[in-house]
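Chain by chain, the residues run as shown.
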Amino acid sequence: MLNNLIRYSLRSFKRQRSYIIINILGLSIGMACSLLIAMYVINEAGFDRFNVKRDHIFRAVLNGKIGGQEVTVFASPAAMGPTLLREFPEVEDYCRLNGVGPTVIEYDKQTFTEDHLIEVDSSFFDIFTIPVLKGDPANLLNAAHKVVLSESTARKIFGNQDPIDKVIKIGSDTTRYTVTGVMGDVPEKCHFEANMISSFLTNPRSKNPVWLSNSFSTYLLLKPNVNYKTVEAKLPELLLKYVGPEVEKYMGIKMDDFLKQGNKYRFFLQNLTKIHLDTSIQQEFKAASDPKYLIIFGSVAVLIVIIAAINFMNLSTAQASKRAKEVGIKKISGSTRRMLIGQFLLESFVLTLFSLVVALIIIRITLPYFNTLLGARLTLSLLAKWYTIPGLILFTAFVALMAGSYPALFLSSFSPGVVLKGSIKNSKITGQLRRVLVTVQFAVSILLIIGTMIMYRQINFMLRKDIGFNKEHLVVINRADALGTKMKSFKEAVKNIPGVVNISSSTAVPGRNNNNNGYGIEGRKDESFLMTTTWADYNFIETMGMAIVNGRNFNESYSGDKDACLINEAAVKNFNIADISKVRFMEPDSPNVHYLPIVGVVKNFNFESLRNPIQPYCIKFQNDGMLWGYLTVRLSGNNYSSTINAIEQKWKEFVSNNPLQYYFLDQDFENMYKQEKQNAQLAVIFAVLAILIASLGLFGLTSFTVEQRTKEIGVRKAMGSSVGAIYLVISREVMVLVSLSAIISWPIIYYISGKWLENFYYRINLGLFSFVAGLVIALAIASLTISYRIIKAARVNPAQSLKYE
């Protein structure tokens, strides 16, 4: 029986060659899209799963709210890990991590820039299963000034030499570090990056006993069979014990009263494997992937496969009249309906299997571009995992069943007596089904077109919006601390370089904020306020191109300005400040309360992504002893390269063996929306492919319709109809179906887009343009798709058309 099925299937393939090619193209493109997205989703969901202890590792996350300002950050106090290990029997071990940032490494009179240096406790290799290739695991990081290098970093610095016990200089630390080990490269699918790991004991703040000083990541390894909720439930009592006295000491209020005012100060535990897909937590080592996008694109991939399957159904049922006699003859010859269903499903599986091969070829060709687009490192390796090939076969069977089940059931249901008379030719049921399927195809396509347009409109809005300062022509120099006490002299020297308009120093710049501080206001007892804080010099406001809307800027003529501050309009509004001259902030974390008068109000500026509203911001004066942070240089915009070269030369005069590291602020701001830009580009690709697949099916259906109506076209032509009139008659149905598709897709994409735009505090209005444009584009594509086939048929000599059988 199987031989007969195969033989019949091969004969059918020969008779339907053109339609098979269309089906293979559609299915292969659809399957390639689905598999690429599946690879990406699996890759993103697989972060941190290399760690064999992952189910028992949790990170402490701080959720705090002060004066209406709420933050959720991964920061925790240095004392937290040791205290939990000592007081909670459920905790087996802990490890603290601190990202150091870009650092200069010096060895044998050569310097190297390292972007991924972290400080960790000696328990790091007991908790994170990163292999130790060289060195004694028990003594790798058990003392200050010890460092472990990744295999690739060791090779970069030492070449073929054995790095163990070699001494290197890290940053501005005058004490040299000893290399005690070499580890395997940290996996790409890890939520942090580390090429060098130094001992946490080197950091002077590692023994900081203050619980309100949250600066580090704390990871807990729980004992087997311990429910993390048990540990979480004990944390409030622990905070009351250690944080309560500090709140009362520094803020003059009891912890219970602090919480009753609507404030928050709590920690919760986050599983290691959940970190990469949680965008609600600020200040990640690596930017988290938004799971919404994975769901959206996963759904789109499924829809594209459905569009391809619809093509198969449409073209198969459209050719029912051609295969009707075949079915009738086979039934008369003794074939059962089950045999016919088997034949049609086998045809579907063989065609889908061939499409899979083509899809894998497409993936192999396009994967480098896909990786570049998404910043991923996906590889196509069919033999790397035992389940890959079985999974592909199951995927093929599913697509074949989805695409071929209805045609198989429909074609096998024909009655021999009816089909041999040719009555099936004018079946209304199949025509109605095809209309429904075409409508679904174009509804999905229009949905993708409109969604893509809305994404691009929002991205352009974010990039062009007035953000309250002039981010153009600003060069930001990292590691200002490398200058040490020479910072002021360096600023004066750079300001004299042709092409430099101004230069400023600050501990933070927009887009790279590093301090959220709590304050009180004089005379407003039992109230506390949270502000993002930076320390800056006299030139900061002018260099950034910010505007003072009330009061004045810092001024060297006023000696008291060194103990004053500037705030933004959001702080004035949120804190109900009527007259800045009558208000002083209090810093309760000082032994003696330090008062900060307000000398000016800065016009609101976006110091974070436009996803977030502008929060209260405080700019305090940067005294000469504060030698860390950034230098920001405003250029004139003329001859960038020569100006930057001159700055580099001046840097070398002040700092030897320490390369200048800088970036452009406008580009850094654009990088905030990197994921949105990548997803918008991906959406464009999906929309184009969906339209392409739908158009292939529409072209095939139009060809079949024209073939069926050849005599009608000939009669109309003989009766005097023009090519245009014939085109309108045949294309009218398609245009109506596409318009109906748009009406169906509009409310769906309106809802989805509205939900997506809720991620942005500053966002576009949806309006009508994108929706109307989506319909117009779909109509234009559908018109172009069917025009060639209809016009070609309409130009045929009527005498030839009337002879057509």
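Further up the page is the structure itself.
Cut-offs applied
- Counting restarts for each chain: residues are numbered from 1 in the order of the written sequence.
- The predicted nature of this model means local features are confined to residues of pLDDT at least 70 and side-chain atom pairs, given and counted, to a pLDDT of 80 or more, with totals for whole chains, interfaces and linings taken over all residues.
- Based on all heavy atoms of the structure, the side-chain values leave hydrogens and waters out of the count.
- Values of bend correspond, residue by residue, to the angle between axes fitted over the seven residues ending at that residue and the seven starting there.
- Helix and strand assignments follow DSSP, with helices taken as H or I runs no shorter than four residues and strands as E runs no shorter than two, numbered in order from the N terminus.
- Burial status follows relative accessibility: with a 1.4 Å probe on protein chains alone, a residue under 20% of its type maximum counts as buried, one over 50% as exposed, and anything between as partly exposed.
- In this analysis, two residues are considered to be in contact whenever any of their non-hydrogen atoms come within 4.5 Å of each other.
- Whenever a nitrogen or oxygen atom comes within 3.5 Å of another N or O atom, the pair is scored as a polar contact, on the condition that within protein one atom can donate a hydrogen and the other can accept it, and that pairs from neighbouring residues in sequence are kept only if both atoms are in side chains.
- Put simply, a salt bridge is a Lys or Arg side-chain nitrogen that is within 4 Å of an Asp or Glu carboxyl oxygen.
- Orientation is described by lines fitted to C-alpha atoms, with helices fitted over the stretch in contact, and by angles between N-to-C directions that extend from 0 to 180 degrees.
- By convention, the crossing between two helices is left-handed when the near helix turns anticlockwise from the far helix through less than a right angle, and right-handed when the turn is clockwise.
- Asp, Glu, Lys and Arg are counted as charged, while Ala, Val, Leu, Ile, Met, Phe, Trp, Tyr, Cys and Pro are counted as nonpolar; the rest, among them Gly, fall into the polar class.
- Patch criteria: residues need more than 30% relative accessible area and no salt bridge. Like-charged residues are merged within 9 Å; nonpolar side chains of Val, Leu, Ile, Met, Phe, Trp and Tyr are merged within 5 Å.
- Each accessible area value is a Shrake-Rupley result obtained with a 1.4 Å probe; residue values ignore everything except the protein chains displayed when judging cover.
- Only the six-membered ring of Trp is used, alongside the rings of Phe and Tyr, when aromatic pairs are assigned; centres must lie within 6.5 Å, and planes under 30 degrees apart are stacked while those over 60 apart are edge-to-face, with the rest tilted.
- In this analysis the charged atom, NZ for Lys or CZ for Arg, is taken to sit over a ring once it is within 6 Å of the ring centre and within 35 degrees of the ring normal.

Topic: helix α6 (residues 228-251)
Turning to step 1, where the next piece is worked out: The largest bend along α6 measures about 40° and falls at V243, with the proline P245 one to four residues further on.
Turning to step 2, where the next piece is worked out: Regarding α6, the residues found buried are V231, E232, L235, L238, L239, V243, G244, E246, V247 and Y250.
Turning to step 3, where the next piece is worked out: Close packing links the buried residues of α6 with α3 (80-87), β13 (214-222), α7 (255-260) and β14 (264-271).
Turning to step 4, where the next piece is worked out: At the N-terminal boundary of α6, the capping side chain belongs to N227, with an oxygen 2.9 Å from the backbone nitrogen of K229.
Turning to step 5, where the next piece is worked out: Downstream of α6 by a residue or two, G252 has a phi angle that is positive, lying close to 70°.

Quick notes on the pattern of salt bridges
Once the charged atoms of two side chains with opposite charge are near each other, the side chains can pair.
Turning to step 1, where the next piece is worked out: Considering all chains together, one arrives at 20 salt bridges under this definition.
Turning to step 2, where the next piece is worked out: We note a salt bridge from E188 to R377, for which the minimum N-O separation is 3.4 Å. With E188 in the loop between β11 (177-183) and β12 (196-199) and R377 in the loop between α10 (337-374) and α11 (388-412), this pair connects stretches of sequence that are 189 residues apart.
Turning to step 3, where the next piece is worked out: By relative accessible area, E188 is classed as partly exposed at 38%.
Turning to step 4, where the next piece is worked out: We classify R377 as exposed; its relative accessible area is 64%.
Turning to step 5, where the next piece is worked out: A salt bridge links R552 to D561; its shortest N-O distance comes to 2.6 Å.
Turning to step 6, where the next piece is worked out: Classification of D561 by relative accessible area gives buried; the value is 2%.
Turning to step 7, where the next piece is worked out: Ionic contacts of the salt-bridge type, sharing partners, join the residues R86, E87 and K241 into one network.

Here we look at the packing of α3 against α6
Turning to step 1, where the next piece is worked out: Between α3 and α6, whose axes approach to 12 Å, the crossing angle comes to 120°. The two elements α3 and α6 cross, and the hand of that crossing is right-handed. Residues M80, T83, L84, R86 and E87 of α3 pack against L235, L238, K241 and Y242 of α6.
Turning to step 2, where the next piece is worked out: Looking at the contact of α3 with α6, its residues break down into five nonpolar, one polar and three charged.

Examining a nonpolar patch on the surface
Turning to step 1, where the next piece is worked out: A surface patch of nonpolar side chains, about 550 Å² in accessible area, is lined by L740, I743, I744, I748, Y751 and I752.
Turning to step 2, where the next piece is worked out: Examined against the element boundaries, I744 turns out to sit in helix α21 (residues 723-757).
Turning to step 3, where the next piece is worked out: Here I744 falls in the partly exposed class, since its relative accessible area comes to 38%.

Some remarks on the packing of aromatic side chains
Turning to step 1, where the next piece is worked out: Following the criterion strictly, the structure yields 30 aromatic pairs and no others.
Turning to step 2, where the next piece is worked out: Consider the rings of F58 and Y228, whose centres lie 4.9 Å apart with planes at 20°: the pair is stacked. One end of the pair, F58, is in strand β1 (residues 57-66); the other, Y228, is in helix α6, with 170 residues separating them in the sequence.
Turning to step 3, where the next piece is worked out: On the basis of relative accessibility, which here comes to 26%, the residue Y228 falls in the partly exposed class.
Turning to step 4, where the next piece is worked out: Taken together, the aromatic side chains of F124, F125, F128, F192 and Y219 make up a single cluster linked through ring pairs.
Turning to step 5, where the next piece is worked out: For K465, the ring lying beneath its charged end belongs to Y762, and the centroid distance is 4.7 Å.

It is worth stressing that arrangement in space is one thing and function is another; only the former is reported here.
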